[in-house]
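So you can see what is in the structure, the chains are spelled out below.
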Amino acid sequence: LWRLASLVLNLAFLVLALATLIPYEIWLEYAYLFYGLIVLSLIILPLLGHEVAGSRSWLDLGPVRIQPSEVAKVCAALAMAAWIRELESRTMERRDFAVLLLLAAVPMGLTKFKHTGQCPIIRYAPPAITAGAQLPQHPNVPAPAILRPI
């Protein structure tokens, strides 16, 4: 078992090393494509996902299994970087900030909704945004103290 783990770890380092050789302009050029693919994979995950430890978090791609929620973090950051780069020298407006929040919130929402059955955007929305509305509580997932309603 340790030989397989060692092989996978070495293969991961090789892929990482090869990824660093690709110029960042190319990563940013395809950022929205990667983001769209990972969001699509998060949508189909409950239907086609492989169950491990009681959770359908893995997609089987032949000999390889991936966990889209982990890849989504990188894709969301890449898409956000591409959006900020498109701003160039102009000042960020509210619309731009909303797009950045949406780029982060969509994969997060799809991931958390799969596990809890509740949308975290509503659950963890700061009281200033919800204007004092009661936030739904899930018995197994306590809200972080900083986001709890006052």
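All figures in this text were calculated on a predicted structure; none of them were measured in a lab. Every chain begins its residue count from 1, and numbering advances along the sequence as written. Totals for whole chains, interfaces and linings use every residue, but because this is a predicted model, local features are given only for residues with pLDDT of at least 70 and side-chain atom pairs only at 80 or more, for both listing and counting. Based on all heavy atoms of the structure, the side-chain values leave hydrogens and waters out of the count.

**Considerations on the pattern of salt bridges**
Part 1: Here, a salt bridge means any side-chain nitrogen of Lys or Arg that lies within 4 Å of a carboxyl oxygen of Asp or Glu. Scanning the model with the defined rule gives three salt bridges in all.
Part 2: Among the ionic pairs, Glu-70 bridges to Lys-73, the shortest N-O distance being 3.1 Å. With Glu-70 and Lys-73 both in helix 4 (residues 68-87) and three residues apart, the pair spans about one turn of that helix.
Part 3: Among the ionic pairs, Arg-95 bridges to Asp-96, the shortest N-O distance being 3.3 Å. Secondary structure elements are defined from DSSP: runs of H or I of at least 4 residues count as helices, runs of E of at least 2 residues count as strands, and each element is numbered from the N terminus.

**Notes on helix 3 (residues 31-48)**
Part 1: With 18 residues, helix 3 extends 24 Å between its outermost C-alpha atoms, agreeing within 8% with the 26 Å of an ideal straight helix rising 1.5 Å per residue.
Part 2: Leu-42 marks the point of greatest bend in helix 3, at about 30 degrees, and the proline Pro-46 comes within the next four residues.
Part 3: Those residues of helix 3 not exposed but buried are Ala-31, Tyr-35, Ile-38, Val-39, Ser-41, Leu-42 and Leu-45. Between the first and last residue of a helix there are one fewer steps than residues, each counted as 1.5 Å, and that sum is the expected span. Note that the bend at a residue is defined as the angle between axes fitted to the seven residues ending at it and the seven residues starting at it. Only protein chains enter the accessibility calculation, which uses a 1.4 Å probe. A residue is then buried if its area is under 20% of the maximum for its type, exposed if over 50%, and partly exposed in between.

**Structural notes on the confidence of the model for the protein chain**
Part 1: What pLDDT reports is the predictor's confidence in each residue, on a scale of 0 through 100. Scored by pLDDT, the protein chain has a mean of 79; 75% of the residues are at 70 or more.
Part 2: We call two residues in contact whenever any of their non-hydrogen atoms come within 4.5 Å of each other. Counted against residues more than four places away or in other chains, residues 117-136, with its pLDDT under 50, gives 37 contacts.
Part 3: Residue range residues 145-150 is modelled with pLDDT below 50. Its contacts to residues more than four positions away, or to other chains, number seven contacts.

**Details of the sheet that holds strand 2 (residues 55-61)**
The pairing of strands in a sheet comes from backbone hydrogen bonds and takes either a parallel or an antiparallel form.
Part 1: Note on pairing: two strands pair once DSSP finds at least 2 bridges between them. As summarised here, the arrangement of the three strands in space is 1-2-3, forming an open sheet in which the pairing is antiparallel. Every other strand in the sheet has two partners, leaving strand 1 (50-52) and strand 3 (64-66) as the edge strands with one partner each. Sheet twist, expressed as the average angle between the axes of neighbouring strands with direction ignored, equals 45 degrees.
Part 2: In this sheet, strand 2 lies alongside strand 1 in antiparallel orientation, the contact comprising three bridges. Residue pairing for strand 2: Val-52 is matched across the bridge by Ser-55.
Part 3: Packed on one face of the sheet, helix 3 meets strand 1 and strand 2 and runs near 100 degrees to strand 2. Fitted lines through C-alpha atoms give the axes, limited to the stretch in contact for helices. The angle between two N-to-C directions lies from 0 to 180 degrees.

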